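Residue-level structure breakdown
Now for the letters of each chain:
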Amino acid sequence: MPKEQRTFTKEFKLEAVRLARTSGKPMLHIARDLGIADSTLHHWCKEFAQAGEKAFPGSGNPPAHEEELRRLKRELEVTRQERDILKKAVAIFSRNQN
């Protein structure tokens, strides 16, 4: 049975990153104290270093490039469905002409 994936709030992640940067303790100890994997804390610190306060937007506020990618994928799927419908229609109409 797969493990259920835990989710953390933006505030929790920011506080964990702050602790990792200012406490002077090794990341491994901080991660264990918080009940998370040290690789998770390392990933959060890396993400914060790249995006600053805009890090950890959550699912309700994705970055602009991710939203654009999602929109284009939706549009591509609709176009593929339209193409498939047209192919079937051509096959049906060409069968009736013979």
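For the chain, an unreviewed UniProt entry supplies the name Transposase and the organism Reticulibacter mediterranei.

In this section: the pattern of salt bridges. What the rule picks out here adds up to six salt bridges. Salt-bridge contacts for Glu 68 lead to Arg 71; the nearest nitrogen and oxygen are separated by 2.9 Å. With Glu 68 and Arg 71 both in helix α4 (residues 64–97), this residue pair falls three residues apart, about one helical turn. Look at Glu 68 and you get partly exposed, because its relative accessible area is 37%. In this structure Arg 71 comes out as partly exposed when scored by relative accessible area, which is 35%. Arg 71 serves as the salt-bridge partner of Glu 75, at 3.0 Å between the closest nitrogen and oxygen. Here Glu 75 and its partner Arg 71 are both found in helix α4, four residues apart, which amounts to about one turn of the helix. What makes Glu 75 partly exposed here is its relative accessible area of 44%. Here the salt bridges share partners, and the residues they tie into one network are Glu 68, Arg 71 and Glu 75.

Rules and cut-offs
Residues numbered from 1 in each chain as written. Predicted model: local features only at pLDDT ≥ 70, side-chain atom pairs only at ≥ 80, totals over all residues. Heavy atoms only, no water. Salt bridge = Lys/Arg side-chain N within 4 Å of Asp/Glu carboxyl O. Helix = DSSP H or I, 4+ residues; strand = E, 2+ residues; numbered from the N terminus. Buried < 20%, exposed > 50% of the residue type's maximum accessible area, 1.4 Å probe, protein only.

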